[in-house]
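Below are the chains, spelled out letter by letter.
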Amino acid sequence: MIKLIRPEKPIELTEEKEKELILDFKNTKKAVWRQPYIVERLLNMSHKKCCYCETALETQGRPMHVEHFHCKDDYPDEVVNWNNLLPSCSQCNSNKGTLDTKLYPLLNPTVDDPKNYLYLNHFYIKSKDNALDSIGRETVELLDLNNRDRLLNPRLSIVDMMRYKLNDIHKKAVELKNRDDGKQYNKSRIVNGIKDILKMAQPTAEYSAFMGAIILDDEDYFETKEILMELGLWDAEMQGLHDVADSIKLDTHK
Ligand SMILES: [Zn+2]
């Protein structure tokens, strides 16, 4: 989960339109929030990912669900309130169910910065505050953010792929550093390779808060970074990618 910046509400969603849709919902229980201008803006806000578990949406048979942070059954007047709508996957939407978040708060990624509440412990997303009723713990447990089949295994598969590439890049970087003939052997493979690795920890990538924590904590990564800096190959683009990853990654300790 990463902090999301909510854009302005769609201009189509005027006060009058809201009233009309609320009335329609109360009378018919129709999914009045499924307006193309709402769906599109929510998807853009979350980089086409679930706002909670960061799985990619609108791909591999995973449609976006419009999640009502304050449950639509208890708070029908907020059914198209722009600040109450979040893009989620079907599983997080269903795990959250009809919980009354005004009484039992959960993390809202458009309001709270998840990295202040969550951290990564041995590949598991955990709450920094371990109290049973802490907002971090309630969120992780209710949304099942470490579900083995749905999230843990897919996240670990990406880590395996990343580590395989990073290991190769690191070896090439060490070889480059140790060459004494001045030739920049494999230079572009190393430079492009490290950029590709960092792209796995950008807001547009799946599980970016998790991947950022893994990559930036990897000895092969920071040794490669040091070598590239030493050789004058670490450029502004890499630094920019690194800084973004650093800003969204989960801590690996409390
Ligand atoms: Zn989800």
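Keep in mind that this is a model prediction, so the values were computed, not measured. (Residues numbered from 1 in each chain as written. Predicted model: local features only at pLDDT ≥ 70, side-chain atom pairs only at ≥ 80, totals over all residues. Heavy atoms only, no water.)

## Describing the domain arrangement of the protein
One frequent convention defines the size of an interface as the accessible area lost when the parts assemble.
At step 1: Segmenting the protein into domains produces domain 1 (15-143) and domain 2 (148-248).
At step 2: Just the C-alpha atoms count here: the centres of domain 1 and domain 2 sit 32 Å apart.
At step 3: Contact residues are listed per partner, giving 17 residues for domain 1 and 22 residues for domain 2.
At step 4: Roughly 1,400 Å² of surface becomes buried between domain 1 and domain 2 when both sides are summed, with 57% attributable to carbon and sulfur atoms.
At step 5: When the buried surface of domain 1 facing domain 2 is broken down by residue, Glu54, Leu120 and Phe123 rank first, second and third, together holding 38% of it.
At step 6: Linking domain 1 with domain 2 are 1 salt bridge, by the criterion used here.
At step 7: For Arg62, the salt bridge is made with Glu206, and the minimal N-O distance between the two is 3.4 Å. (Domains from an automatic or database assignment. Contact = heavy atoms within 4.5 Å. Buried area = accessible area lost by both parts, 1.4 Å probe. Salt bridge = Lys/Arg side-chain N within 4 Å of Asp/Glu carboxyl O.)

## A short note on the pairing of strand E2 (residues 85-88)
The side chains of a regular strand alternate between the sheet's two faces.
At step 1: The alternating pattern of E2 places Leu85 and Pro87 on one face and Leu86 and Ser88 on the opposite face, and all of these are buried.
At step 2: As paired elements, strand E1 (residues 65-68) and E2 share 4 bridges and run antiparallel to each other. Bridging from a neighbouring strand, His65 pairs with Ser88 of E2. (Buried < 20%, exposed > 50% of the residue type's maximum accessible area, 1.4 Å probe, protein only. Helix = DSSP H or I, 4+ residues; strand = E, 2+ residues; numbered from the N terminus. Pairing = 2+ DSSP bridges.)

## Structural notes on helix H2 (residues 36-45)
At step 1: The set of residues buried in H2 consists of Tyr37, Ile38, Val39, Leu42, Leu43 and Met45.
At step 2: Those residues of H2 that are buried are in contact with helix H1 (15-28), E1 and E2.
At step 3: The positive-phi residue at the C-terminal boundary of H2 is His47, with phi of around 55°.

## Quick look at the environment of Leu4
At step 1: Looking at the secondary structure, you find Leu4 in the segment before H1.
At step 2: Exposure remark for Leu4: the relative accessible area of 3% places this residue in the buried category.
At step 3: Residues Leu4 and His47 lie 43 residues apart in sequence; the distance between their C-alpha atoms is 9.2 Å.
At step 4: Setting aside residues up to four positions removed in sequence, Leu4 forms contacts with Met45, Ser46, His47, Cys51, Pro109 and Thr110.

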